[in-house]
Amino acid sequence: MKPGSPKKKLFAFVCFIIPLLFSFKANGQKVEPIKSDQGKVVTMHSDILKEDRRILIYTPKDSANSEKKYPVIYVLDADNHFAQMVEYSKYLSRQDVSVIPPLIVVGITNTDRNRDLTPSHSNIDYSGKSDTTANSPYKHSGGNELFLQFIQKELMPYVNSNYNTQPYRIFAGHSFGALTTINCLFNYPDMFDAYIAVSPSFWWDQKFLLKLADKRLKAGSTLSKTLFFSDGNEDSSSPGSPFHTNVLKFDSLLKKRNIKGLDFEYIPYPNESHMTVPIKSYYDGLRFIYQQWQLPPVSDEKINPEIIMRHYKGLSQKFGYPILPDEAYFNDLAQWLLKSPATLSNGIKLLEMNTINYPSSSRAFAALGAAYAMKGEKQKAMASYKKANELNPKSNEIKLRLLELQK
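An account of the accompanying structure is given in this report. This is a predicted model, so every value here is computed, not measured.

## Structural notes on the pattern of salt bridges
Argument step 1. According to the stated counting rule, one finds 15 salt bridges in the structure shown.
Argument step 2. One salt bridge connects Glu51 with Arg115, and the closest N-O pair in it is separated by 2.8 Å. You can see Glu51 sitting in strand E2 (residues 51-58) and its partner Arg115 sitting in helix H3 (residues 113-116), a full 64 residues away along the chain.
Argument step 3. For Glu51, a relative accessible area of 18% corresponds to the buried category.
Argument step 4. Lys225 is paired through a salt bridge with Asp190; the nearest N and O atoms lie 3.7 Å apart. Of this pair, Lys225 sits in the loop between helix H6 (204-216) and strand E7 (226-231) while Asp190 sits in the loop between helix H5 (176-187) and strand E6 (194-198), and the two are 35 residues apart along the sequence.
Argument step 5. Since its relative accessible area comes to 65%, Asp190 is described here as exposed.
Argument step 6. Via salt bridges that share partners, Glu51, Arg53, Arg115 and Asp116 belong to a single interconnected network.

Have a look at this one:
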């Protein structure tokens, strides 16, 4: 390329202008950090474990200024799985999704994972080799008993005294964490109501937990709990290993013993590795535990408070605490029904249901007042707005609606 040639001038122009354009583009953008509500970190001292423990706690966003109470899910290996569980909980309980209730998520981080999450002391590794050297990763194994005592006697009382909790608890863990959840189910079944065990390491200590299951799960015995367990394609990374076979043996044992009250499901994920299988398993585990949560499909023409209250009565019986239809969800459904003359009365019935279920809610009575006014029932509308005004005398909007009706 000759000096001063058109090609050289073009090349020089490109070399100058392109970086300048990128500079303008970068300087012209406003960059802000993403704000994420992931809860907070609590450091508590454990007299049982004789050490400090970092606990991650997420509460639903409306919990701070509310008397609502929430089920709690305790998640092991929180260093890896807490954020995932929080996002699942937030999304699945969202008003337009509403397939699980809002949850308080408590994540337990690790200090000595091999100690806390193993139910027995063993120096035998995954390949079956014994390691008794000073640097053996399992030399402190078998601390599961103390770890579960910490959860039961120290962590749970702290959570229950500082947060609005319902008496329904879920225990979730992966690998050694799954070993812990199943060990808890056998030895302390009443600590939790539901268990999620992702790829339980049944190989541990020459199938210690499989042998324990065979002893504890007597044919025809009763264990009124919910259990979801799974595994990935762990054997692909260790050809000839018994990982999947052991999980199948556990599933077969549960089916043969026919344990009364035990609602369980096993799902294998052959396309997932040991480290990717939690992504699908925790989602499916939550959906299994709350498979009956969502109101079954009902047409707009047939929906009524009797159907809804019957459903929530069943949920209350299953989960062991009073569960009411969500006010905001059924208010939105009612607003949809009010748009059609054919379903207007059904919408009003749902709003009446809300005022019965939430007698201190000014929003419930204001919404009902607006619906009565839409139907032309002026006296009922005024009565509802008067009640809403009593409950929220500072609302100018409610006062305005009431004045309009009184003209």
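Additional details are given in the paragraphs that follow.
## Examining the nonpolar core
Argument step 1. Counting residues in hydrophobic clusters, the biggest one holds 60 residues, and the most contacted among them are Ile73 and Tyr290.
Argument step 2. With 53 residues, the next largest nonpolar core counts Ile151, Leu179, Leu227 and Phe250 among its residues.

## With respect to the packing of helix H10 (residues 327-338) against helix H12 (residues 362-375)
Argument step 1. Between H10 and H12, whose axes approach to 11 Å, the crossing angle comes to 10 degrees. One way to sum up the angle between H10 and H12 is to call them roughly parallel. Contact residues: Glu327, Asn331, Gln335 and Leu338 in H10; Arg363, Ala364, Ala367, Ala371 and Met374 in H12.
Argument step 2. Of the residues assigned to the contact of H10 with H12, the class counts are five nonpolar, two polar and two charged.

## Considerations on the side chain of Asn357
Argument step 1. The topology assignment puts Asn357 in helix H11 (residues 344-357).
Argument step 2. Excluding anything up to four places from it in sequence, Asn357 contacts Met309, Leu324 and Pro325.

## Digging into the pairing of strand E5 (residues 165-174)
Along any regular strand the residues' side chains alternate between the sheet's two faces.
Argument step 1. Burial of E5 is extensive: nine of the ten residues sit out of reach of the surface.
Argument step 2. One ladder, built from five bridges, connects strand E3 (residues 70-75) with E5; its direction is parallel. Paired with Tyr74 across the two strands is Phe171, which belongs to E5.
Argument step 3. Here E5 pairs with E6 via five bridges, running parallel. Looking across to E6, one finds that His174 is bridged to Val198.
Argument step 4. The parallel pair E5 and E6, bridged by H5, forms a crossover whose chirality is right-handed.

## A closer look at the side chain of Thr355
Argument step 1. Within the secondary structure, Thr355 is located in helix H11.
Argument step 2. Within polar-contact distance, the side chain of Thr355 engages the backbone oxygen of Glu352 at 2.7 Å.
Argument step 3. The residues touching Thr355, leaving out its near neighbours within four places in the chain, are Ala364, Phe365 and Leu368.

## A few points about H5
Structural remark: α-helix, 3.6 residues per turn; residues separated by three or four positions point the same way.
Argument step 1. Under the 1.5 Å per step criterion, the end-to-end length of H5 is 16 Å for twelve residues, consistent within 8% with the ideal 16 Å.
Argument step 2. Counting buried residues along H5, eleven of its twelve residues qualify, which places the element largely inside the surrounding structure.
Argument step 3. Taken residue by residue, H5 has Phe176, Gly177, Ala178, Leu179, Thr180, Thr181, Ile182, Asn183, Cys184, Leu185 and Phe186 as its buried positions.

## Some points on a positive patch on the surface
Argument step 1. A contiguous patch of positive charge on the surface is contributed by Lys211, Lys215, Arg216 and Lys218.
Argument step 2. Tracing the backbone shows Lys211 in helix H6.
Argument step 3. The class for Lys211 is partly exposed, based on a relative accessible area of 49%.

Each value, and the rule that gives it
The residue numbering used here restarts from 1 in each chain and proceeds along that chain's sequence as written. Predicted model: local features are reported for residues with pLDDT of at least 70 only, side-chain atom pairs are reported and counted for 80 or more only, and whole-chain, interface and lining totals are derived from all residues. By convention in this description, side-chain values take in all heavy atoms of the structure and omit both hydrogens and water. The working definition used for a salt bridge is a side-chain nitrogen of Lys or Arg within 4 Å of a carboxyl oxygen of Asp or Glu. Only DSSP runs of H or I covering at least 4 residues are called helices, and only runs of E covering at least 2 are called strands; the numbering of each starts at the N terminus. Summary of the burial criterion: residues with accessible area below 20% of their type's maximum are buried, those above 50% are exposed, and those between are partly exposed, where the area comes from a 1.4 Å probe applied to protein chains only. Nonpolar cores are built from buried Ala, Val, Leu, Ile, Met, Phe, Trp, Tyr and Cys residues. Side-chain atoms within 4.5 Å join them into one set. Axis definition: a line fit to C-alpha positions, over the contact stretch in the case of helices; interaxial angles, taken between N-to-C directions, run 0 to 180 degrees. When describing relative orientation, an angle under 35 degrees is termed roughly parallel and one over 145 degrees roughly antiparallel, while 65 to 115 degrees is termed roughly perpendicular and anything else oblique. The criterion used for residue contact is that any of the two residues' heavy atoms lie within 4.5 Å. Residues are grouped as follows: Ala, Val, Leu, Ile, Met, Phe, Trp, Tyr, Cys and Pro are nonpolar; Asp, Glu, Lys and Arg are charged; all remaining types, including Gly, are polar. At least two DSSP bridges between two strands are required for those strands to pair. If you view a crossover with the strands going away from you and the path from the first strand over the helix to the second runs clockwise, you call it right-handed. In protein, a polar contact means a hydrogen-donor-capable atom and an acceptor-capable atom, both N or O and within 3.5 Å, with residues adjacent in sequence counting only if both atoms are side-chain atoms; elsewhere, any N or O pair within 3.5 Å suffices. An expected span of 1.5 Å times one less than the residue number is assigned to each helix. Two joining distances apply to patches: 9 Å for like charges and 5 Å for nonpolar side chains (Val, Leu, Ile, Met, Phe, Trp, Tyr), and every residue must have over 30% relative accessible area and no salt bridge. Computed with a 1.4 Å probe, the accessible areas rest on the Shrake-Rupley method; for each residue, only the protein chains presented here act as cover. Working convention for charge: Lys and Arg count positive, Asp and Glu count negative, and His plus the chain ends are omitted. We put the charge of a Lys on NZ, of an Arg on CZ, of an Asp on CG and of a Glu on CD.

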